[in-house]
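# Topology and contacts: notes
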Amino acid sequence: MRNDRRHPRGGRPQRGGGQDRPRRDEARNAAYDLMRAVDERDAYANLLMPRMLRDRGIAGRDAALATELAYGTLRGLGTYDEIIAVCSDREPYDIDPPVLDAIRLGAHQLLRTRVPAHAAVSATVDLVRLRVGVGPSRFANAILRKIAGRELADWLPIVAPDPAADLVGHLAVSYSHPRWIVAAFLDALGGDADQAAALLAADNERPKVTLVARPGRAGVDELLAAGATPARYSPHAVHLTEGDPGGIPAVAETRAAVQDEASQLVAVALTRVPVEGGDTRWLDLCAGPGGKAGLLDAIAAHGVEGGHPGGAHLLAADAQYHRARLVRQTTREAAVVNLDGTVPAWRPAAFDRAMVDAPCTGLGALRRRPEARWRRDPRSIPELTKLQRELLASAVEAVRPGGVVAYVTCSPHLEETREVVEGQSGVEVLDAREFLPEVGDLGDGPYVQFWPHLHGTDAMFLALLRRL
Ligand SMILES: C[S@@+](CC[C@H](N)C(=O)[O-])C[C@H]1O[C@@H](n2cnc3c(N)ncnc32)[C@H](O)[C@@H]1O
């Protein structure tokens, strides 16, 4: 790794080297290497970590510890950096990044785990000595000892702004999120600080693994028999509390899949809206990698008990070739095309129902990727909202009068949600809550906004529009 090249160990014997090292250090080294890969190579933590653990033969409790340390540190580093700044004569951005990452890892152990303070400090100092050098290890030692002097609850009033003076700053530091994301969440929650705090706290938890049983292909009962537990809302959902989803035959055979419950419900809601006349031609305009298309395709083909009778056919489109290919793997009956949905290849009014699951900031799924919140950029919003408007307009034109469009984002940001929908002409906005009667706490309507802290789902937005 670049870190090793920048700080060559020059053949110096490693203290306690190789096999004598306590097993826990394997976990810390893996967590540290993951953080460096995220920083240096823009690695995705949730993709790299399983591979790294497998390659190094780290399993069981060590694997769980490595994952918890790395993911927890990546999530919490906004808070930890504020504390490090108070304990250091340098600002975090002036600290050599490999040293800073190790100190963050130590801070996480001290402030949010049950690792005894002396072990957290000495293991981190050893890590810095071995991986960076003796001088930096002394620097890390001095900072970590100061951090260890207080509990997190005692640090927060010192480092977080007074909420009365700066609510956004207070929440941003206390719950380790960028300020602009906190501001966007507060706006979407009508300024409710308690709700925002609960949402930010939920973002810091790992989400449950949720599976979808694709109707006509797998049943919830089959998944329950394979060890899953019932989910809360979706008639097609179960939770998997342990084990590899790929080990379940229905998942391996793409009859079932990993899919958040809100992702299932927005697709289900689209299929529940009554339409007069023909109802056989469905469109998914932004289908890749195919989560919602997989469910829509199954409902279109087989129907669901008490819901849509089936007998419809899905056309699934995506602008990216490789994502369109993934849609082909998740669907059975659908036609899949690789095209730009803003330049449609069909005549107007060709469809009865359309799904627009638009590209967005993904602020509703931050809990899924520990580093995601630090990578998102508010400067992407104008370009995204322009594309969202174009895709929604294209979908509205694609359905016939009386047909229905679902506009969906995995973001609660008002510019990506309400403001896009409210700019669309030629439609009646339906009260989307009516089509999800099994779900509570959906707000004042007419839109549906799911929340991690209320529903245990991603913060997915749904608008249902009938073409006039
Ligand atoms: C939020 S993702 C869709 C997720 C998908 N519906 C699912 O449930 O798995 C947005 C998708 O829109 C696609 N996309 C972006 N611009 C597009 C365009 N102009 N036309 C069609 N698809 C587009 C992206 O490639 C991406 O796959």
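Reading the values: rules and limits
- Residues numbered from 1 in each chain as written.
- Predicted model: local features only at pLDDT ≥ 70, side-chain atom pairs only at ≥ 80, totals over all residues.
- Heavy atoms only, no water.
- UniProt positions renumbered as here; feature names shortened; annotations may be inferred.
- Helix = DSSP H or I, 4+ residues; strand = E, 2+ residues; numbered from the N terminus.
- Contact = heavy atoms within 4.5 Å.
- Buried < 20%, exposed > 50% of the residue type's maximum accessible area, 1.4 Å probe, protein only.
- Core = buried A, V, L, I, M, F, W, Y, C linked by side-chain atoms within 4.5 Å.
- 1 Å grid on protein atoms, 1.4 Å probe; cavity = no way out; pocket = protein on both sides within 12 Å on 5 of 7 lines; lining within 4 Å.
- Points joined across faces, edges and corners; volume = space filled by probe spheres on them.

A separate point is the UniProt feature "binding site: S-adenosyl-L-methionine" (unreviewed entry) in the protein chain. Taking the numbering used here, the UniProt-annotated feature "binding site: S-adenosyl-L-methionine" (unreviewed entry) corresponds to Cys-286, Ala-287, Gly-288, Pro-289, Gly-290, Gly-291, Lys-292, Asp-340 and Asp-357. For Gly-288, the position within the fold is in the loop between strand S5 (281-284) and helix H15 (291-302). In contact with Gly-288, not counting residues within four places along its chain, are Ala-317, Asp-318, Arg-323 and Val-327. The residue Gly-291 is located in helix H15 in this model. On the accessibility criterion, Gly-291 (32% relative accessible area) is partly exposed. When neighbours within four sequence positions are excluded, Gly-291 is seen to be in contact with Arg-214 and Gln-259.

The biggest cluster of nonpolar side chains holds 53 residues, and the ones touching the most others in it are Leu-34, Ile-83, Ile-103, Leu-111 and Ile-147. Going through the elements one at a time, helix H2 (23-41), helix H3 (45-56), helix H4 (60-87), helix H5 (97-112), helix H6 (117-131), helix H7 (134-147) and helix H8 (152-159) are the ones with two or more residues in this core. With eleven residues, the top contributor of residues to this core is H4. Setting aside anything within four residues of it in sequence, one finds Ile-83 in contact with Leu-111, Ile-147, Leu-152, Trp-155 and Val-159. Among the nonpolar cores identified, the runner-up in size contains 43 residues, and Ala-262, Val-266, Leu-296 and Leu-314 belong to it.

By rolling a water-sized probe across the atoms, one finds the places where empty space is left. As enumerated under the stated definition, the model contains one cavity of 30 Å³ or more in all. In this model, the largest cavity occupies a volume close to 40 Å³. Residue lining of the largest cavity: Asp-25, Arg-28, Asn-29, Ala-123, Asp-126, Leu-127 and Leu-130, and that is the complete set. Contributing elements (two or more residues each) for the lining of the largest cavity: H2 and H6.

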